[in-house]
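The primary structure of each chain is shown beneath.
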Amino acid sequence: MSLQAPAIPPDIQSQPLTLDAISHSYGDALAVNEVTLEVRAGELIALLGPSGCGKSTLLRIVAGFINQTSGRVVIADRVVDALPPNRREVGIVFQSYALFPHMTVAENIAYGLEARGESKTTCRERVKEMLATVRMEGFADRKPRQLSGGQQQRVALARALAVRPRILLLDEPFAALDKNLRLDMQIEIKRLQRQFGLTAILVTHDQDEAMSIADRIAVMSKGRIEQLGSPVEIYDQPETLFVNDFIGSSNRFAGVIESAGEGAYSVRLASGALWQVTSRKPFAPGDRVVATIRPEQLVLTDEATAGSIPVTLKLSLPIGGELIHDVETRSGEAFKVAAGRRPGEPASPMAATHCALAPHARPILFPQPAA
Amino acid sequence: MSGAATGETAGVEWRLAAPLGLTYLAFFAAPLLILLVMSFSVDDNLGGFSLAAWAKFWGDPFYRGVVWDTLRLGLVTVAMTTLFAYPIALLFIASGPGLQRLLLFIVLLPLLTSVVIRTFAWIAILSREGVLNQALLALGLTTAPLNLLQTELGLVIALMQIEMPLMLLPLITVMRQIDPSLSDASRALGGSKWRTFRKVILPLSLPGWIAGATLVFASATTAFISQTVIGGARLVYLPTLIWQQAMVVYNWPFAAVASVTLLVAVLAGVSLFAMLGRFARTA
Ligand SMILES: Nc1ncnc2c1ncn2[C@@H]1O[C@H](COP(=O)(O)OP(=O)(O)O)[C@@H](O)[C@H]1O
Ligand SMILES: [Mg+2]
């Protein structure tokens, strides 16, 4: 899916956002650890990481709800640390949407405009415009509780965007939505973010969400950014085992470097197979390593080939258009192999005896983590 | 809730309610009826029929003044507790669990001491030689001791402390349920702290305030001990009047008129707050 970027209206100036060595502690507990991140003007960056890794804390620091222990937040070349939240011109959409329950949809959307002292006419016109933007015309007089989850989220977006913020922050905005609705809303948010030329940070623990709408992803763990890169980079070239395991599914094989030269390594796996792997990381012969490989970069065969591993096929699950094979090596290491399923193909197709790297496969090497 | 009680369970529920129902009938409804009859009687034997007591009560500007003073005492106490309860409630929801426990303890403290002790403690504080006057004199904020005892101001100050838990507990309960991200949303949208309070916190906390105001009003207007001990002989409110008429003057029909009047006055105040509640919900 590729989204066509509509032309950004000329009156909207996208602005960059820089987090400069931000740290934050709650009492003794360090929640954010020296995070530096440059979000380019008009870019959508996803903060992706497991629950508790400090994503929301970082977002709340940008919004000004909490003051970081150290570091600076810079919006468009201006340090905003001294500004209270109401002066930062940062729009935020919460997981719970946080619509004012005692106000109508129109009153919710007008809230920020009234706080800025806009005239009644401006408010009325902007509310109408925003309702049209999020395709919620005709809901102006409803109360939030009379709306579905998706509709509430549209209103929350309209309310945040009505004041024309410079930065848009989204904290797990899809978590409370049905799976089907999620994709619709992801497309919708991406569309609005482009249309308004917004610099945006999306917080999520859902990798698919991050993959589908982010320009770049910052993978976080324990208060730090582990890796920053495009979705494809993050998926194809994870820099740490954590990122490798957190993004997509992946198989791990223990091995030892047999020979090394110019970033190309021969790795002897525990099963005896020898893999040729390229890596930018330095390894020396004899180093114990972990080689990881995505399930879709492995193929099952019924004969031994170069670098293949003898296996037994335990189980095959048809998951939509894919077949996921659960296989085991002689020594009992379990791993997964994914293959496209042709229409009509049964779930258990073959008597596979070996597993080999697909022609395009790119295994990744990591140093063996300390046990 | 509705629809949970179906045909067969309804009968059981009635019988379960019977003991309390009968108790109410015997010790609440019946005395009330007697009181009403008494107010139209000639003497304390419930004999005869006369409108004399009613005519005397409502014909005399002094007694009408007592009714008005009592209602005003209730309203002023509600207003003053409101003024102090909101900052405390805001502090409460903004603080961590440790401070919350401490605040809750301080708030509940008045409920844990006897009314009589609390009231006499206030005498020690408010009297001419009391703690408050000594402090004011020492600070040079006043040259002569203030007269606080036997004034409405002194009484309201004392009542405010005594009734504060009744306002704070429902208010805190409701305010804790307000999603904290609503305030954050308001702030991020450009709302000042004051605007956030006025437009978001205040309207959403109204159900708690109405419950609290109802309790404080009913309690302040009928606070016999505080009214007599702190108000003294100079300030007369309906409860004091009833006691004087019944126990000193022995004019029971007249005391009955005052009692019925107090009952209706309190009910009127309470239903006023309930009406505000219904209005706030639909608004
Ligand atoms: N208000 C708070 N007080 C104390 N600790 C907090 C508070 N908010 C978050 N934390 C802690 O900080 C860490 C990061 O939290 P958070 O930023 O909410 O993570 P995430 O959004 O990634 O799930 C967690 O360990 C959490 O327990
Ligand atoms: Mg979070």
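Everything numeric in this text was worked out from a predicted model, so none of it was measured.

Cut-offs used in this document
Residue numbers run consecutively from 1 along every chain, following the written order of its sequence. Numbering of ligands from 1 and lettering of chains from A proceed in the order in which they are written. In keeping with the predicted nature of the model, local features appear solely for residues at pLDDT of at least 70, side-chain atom pairs appear and are counted solely at 80 or more, and the whole-chain, interface and lining totals rest on all residues. Heavy atoms throughout the structure, all of them, feed into the side-chain values; hydrogens and water do not. By definition, any uninterrupted DSSP run of H or I lasting at least four residues is a helix, any uninterrupted run of E lasting at least two residues is a strand, and each is numbered from the N terminus. Each residue's exposure class comes from its accessible area (1.4 Å probe, protein chains only) as a fraction of the maximum for that residue type: buried when under 20%, exposed when over 50%, partly exposed otherwise. Contacts between residues were defined by any pair of non-hydrogen atoms, one from each residue, lying within 4.5 Å. Residue proximity to a molecule or strand is established when one non-hydrogen atom of the residue lies within 4 Å of it. The definition of a polar contact used here is a pair of N or O atoms within 3.5 Å, where within protein one atom must be able to donate a hydrogen and the other to accept one, and adjacent residues in sequence count solely through side-chain atom pairs. Note on areas: Shrake-Rupley, 1.4 Å probe, and residue coverage restricted to the protein chains presented here. Ten residue types, Ala, Val, Leu, Ile, Met, Phe, Trp, Tyr, Cys and Pro, are classed as nonpolar, four, Asp, Glu, Lys and Arg, as charged, and the remainder, Gly among them, as polar. This arc describes the spread of directions from the helix axis toward the C-beta atoms. When DSSP finds two or more bridges between a pair of strands, those strands are recorded as paired. As used here, buried area is the combined drop in accessible area, with a 1.4 Å probe, of two parts when they are placed together. Should a side-chain nitrogen of Lys or Arg be within 4 Å of a carboxyl oxygen of Asp or Glu, the pair is scored as a salt bridge. The split of the chain into domains comes from an automatic or database domain assignment. A helix is expected to reach a length of 1.5 Å times the quantity of its residues less one. The pairing test for Phe, Tyr and Trp rings, Trp by its six-membered ring, is centres within 6.5 Å, and the orientation test on the planes gives stacked under 30 degrees, edge-to-face over 60, and tilted for anything in between. In this scheme, Lys NZ or Arg CZ marks a charge over a ring once it lies within 6 Å of the ring centre and within 35 degrees of the ring normal. Angular values range over 0 to 180 degrees, each being the angle between N-to-C directions of two axes fitted as lines to C-alpha atoms, with helices fitted over their stretch in contact. In these notes the angle categories are as follows: under 35 degrees is roughly parallel, over 145 is roughly antiparallel, 65 to 115 is roughly perpendicular, and the rest is oblique. Take the far helix as the reference: if the near one is turned anticlockwise from it by less than a right angle, the crossing is left-handed, and if turned clockwise, right-handed. Using protein atoms alone on a 1 Å grid, points that fit a 1.4 Å probe yet trap it form a cavity, whereas open point sets bounded by protein on both sides within 12 Å along at least five of seven lines form a pocket; residues with an atom within 4 Å of a point count as lining. Grid points are joined across faces, edges and corners, and a volume is the space filled by probe spheres set on the points.

**Q** So, the overall build of chain B: which residues are in play, and what are the values?
**A** For chain B, the helix and strand inventory stands at 12 helices and zero strands. Along chain B, helices and strands appear, N-terminal first, in the series α-α-α-α-α-α-α-α-α-α-α-α. Oriented by its inertia axes, the alpha-carbon framework of chain B measures out at about 75 × 70 × 35 Å. Taking all 283 residues of chain B together, 40% fall into the buried category. Partitioning the intrachain contacts of chain B with sequence separation of at least 6 by distance along the chain shows that 69% fall at a separation of at least 24.

**Q** Talk me through the environment of Leu323 of chain A; I want residue IDs and the actual numbers.
**A** Mapped onto the secondary structure, Leu323 of chain A falls in strand S17 (residues 322-329). Among the residues examined, Leu323 of chain A registers a relative accessible area of 1% and is labelled buried.

**Q** Residues and numbers for the site of ligand 1, please.
**A** Residue and element names in this part refer to chain A. The immediate surroundings of ligand 1 are formed by Tyr26, Ala31, Pro50, Ser51, Gly52, Cys53, Gly54, Lys55, Ser56 and Thr57. The backbone of Gly54 places a nitrogen or oxygen atom 3.1 Å from an oxygen atom of ligand 1. Protein coverage of the free-state accessible area of ligand 1, which is 560 Å², stands at 53%. A class-by-class count of the residues in the shell around ligand 1 yields four nonpolar, five polar and one charged.

**Q** I'd like a rundown of helix H10 (residues 224-231) of chain B, residues and numbers included.
**A** Residue and element names in this part refer to chain B. For H10, every residue scored as buried is listed here: Ser226, Gln227, Ile230 and Gly231. The buried residues of H10 all sit within an arc of 100° when viewed along its axis, so they share a single face. In this structure, the buried residues of H10 make contact with helix H3 (61-94), helix H5 (115-126), helix H7 (152-176), helix H9 (193-221) and helix H11 (238-248). A positive backbone phi angle near 65° is found at Gly232, which sits one or two residues after H10.

**Q** Can you tell me about the sheet that holds strand S2 (residues 29-39) of chain A, naming the residues and giving the values?
**A** Residues and elements named next belong to chain A. With antiparallel pairing, the four strands of this open sheet are ordered in space as S2-S1-S4-S5. Every interior strand has two partners, whereas the edge strands, S2 and strand S5 (78-79), have only one. Pairing analysis gives seven bridges linking strand S1 (residues 17-26) to S2, with the strands arranged antiparallel. Bridge pairing links Ser25 to Leu30 in S2.

**Q** So what's going on with the interface of chain A and chain B? Residues and values would help.
**A** Listed as interface residues are 24 residues of chain A and, on the opposing side, 19 residues of chain B. With both chains or domains summed, chain A and chain B bury close to 1700 Å², and 60% of this area falls on carbon and sulfur atoms. Considering only the side of chain A, the residues that lose the most area to chain B are Asn86, His102 and Tyr111 of chain A, jointly responsible for 32% of the buried surface there. Taken together, the connections running from chain A to chain B amount to two salt bridges. Of the charged contacts in the structure, one is a salt bridge between Arg60 of chain A and Asp184 of chain B, with a shortest N-O distance of 3.0 Å. Along the contact surface separating chain A from chain B lie seven residue pairs in polar contact (both at pLDDT 80 or more). Where the side of chain A that touches chain B is concerned, the elements lending two or more residues are strand S6 (90-93), helix H2 (105-115) and helix H4 (149-162) of chain A. Top contributing element to the side of chain A that touches chain B by residue count: H2 of chain A, with four residues. For the side of chain A that touches chain B, the per-class residue count stands at 15 nonpolar, four polar and five charged.

**Q** Can you break down the domain arrangement of chain A residue by residue, with the values?
**A** All names here are of chain A. Per the domain assignment, the segments of chain A are domain 1 (17-244) and domain 2 (249-367). In this structure, domain 1 and domain 2 have C-alpha centres spaced 39 Å apart. Tallying the contact residues gives nine residues for domain 1 and 11 residues for domain 2. Summing both sides of the interface, domain 1 and domain 2 together bury roughly 900 Å²; the carbon and sulfur share of this comes to 43%. Of all residues in domain 1, Tyr235, Leu241 and Asn244 bury the most surface against domain 2, accounting for 64% of the area lost on that side. The interface formed by domain 1 and domain 2 holds zero salt bridges in total. Summed over the shared surface of domain 1 and domain 2, the result is five residue pairs in polar contact (both at pLDDT 80 or more). Elements with a contribution of two residues or more to the side of domain 1 that touches domain 2: helix H7 (231-236) and helix H8 (241-246). The biggest single contributor to the side of domain 1 that touches domain 2 is H7, with three residues. Class assignment for the residues of the side of domain 1 that touches domain 2 results in four nonpolar, three polar and two charged.

**Q** Requested: an account of helix H3 (residues 120-133) of chain A, with residues and values cited.
**A** Residues and elements named next belong to chain A. Over its 14 residues, H3 runs 20 Å from end to end, which matches the ideal 20 Å to within 8%, given 1.5 Å per residue. Among the residues of H3, those classed as buried are Cys123, Arg126, Val127, Met130, Leu131 and Thr133. Projected down its long axis, H3 carries its buried residues within an arc of 150°, all on one side. Facing away from the buried side of H3 by more than 90 degrees, the exposed set consists of Arg124, Glu125 and Lys128. Immediately beyond the C-terminal end of H3, within one or two residues, lies Arg135, with a positive phi of roughly 55°.

**Q** Give a description of the packing of aromatic side chains that names residues and reports values.
**A** The tally for this structure, following the rule as stated, stands at 19 aromatic pairs over all chains. Considering the side-chain rings of Phe40 of chain B and Phe49 of chain B, the 5.7 Å spacing of their centres and the 10° angle between planes classify their relative orientation as stacked. Accessibility expressed as a relative area gives 63% for Phe49 of chain B, which makes it exposed. For the ring pair Phe62 of chain B and Tyr63 of chain B, a centre distance of 5.3 Å and an interplane angle of 75° mean the geometry is edge-to-face. For Phe62 of chain B, a relative accessible area of 45% translates into the label partly exposed. For Tyr63 of chain B, a relative accessible area of 11% translates into the label buried. Through pairs of rings, three or more aromatic residues link up here, namely Phe57, Trp58, Phe62, Tyr63 and Phe254 of chain B. The ring centre of Tyr111 of chain A lies 5.7 Å from the NZ or CZ of Arg195 of chain B, which sits over that ring.

**Q** I'd like a description of the packing of H4 of chain A against helix H5 (residues 179-195) of chain A, backed by residues and values.
**A** All names here are of chain A. Orientation of H4 relative to H5, taken along the N-to-C sense of each, is 15°, at an axis distance of 11 Å. Classified by the angle between their axes, H4 and H5 sit roughly parallel to one another. Our pair here, H4 against H5, has a crossing hand that is right-handed. In this structure, H4 uses Gly150, Gln153, Arg154, Leu157 and Leu161 to contact H5, whose residues at the interface are Leu181, Met185, Glu188, Ile189 and Leu192. Looking at the contact of H4 with H5 residue by residue, the classes come out as six nonpolar, two polar and two charged.

**Q** Tell me about the layout of surface pockets, residues and numbers included.
**A** Residue and element names in this part refer to chain B. Space inside the largest pocket adds up to approximately 710 Å³. Lining the largest pocket are 22 residues, with Ile93, Ala94, Pro180, Ser183 and Asp184 sitting closest to its centre. Elements that contribute at least two residues to the lining of the largest pocket include exactly H3, H7, helix H8 (180-188) and H9. Partitioning the lining of the largest pocket into residue classes produces 10 nonpolar, six polar and six charged.

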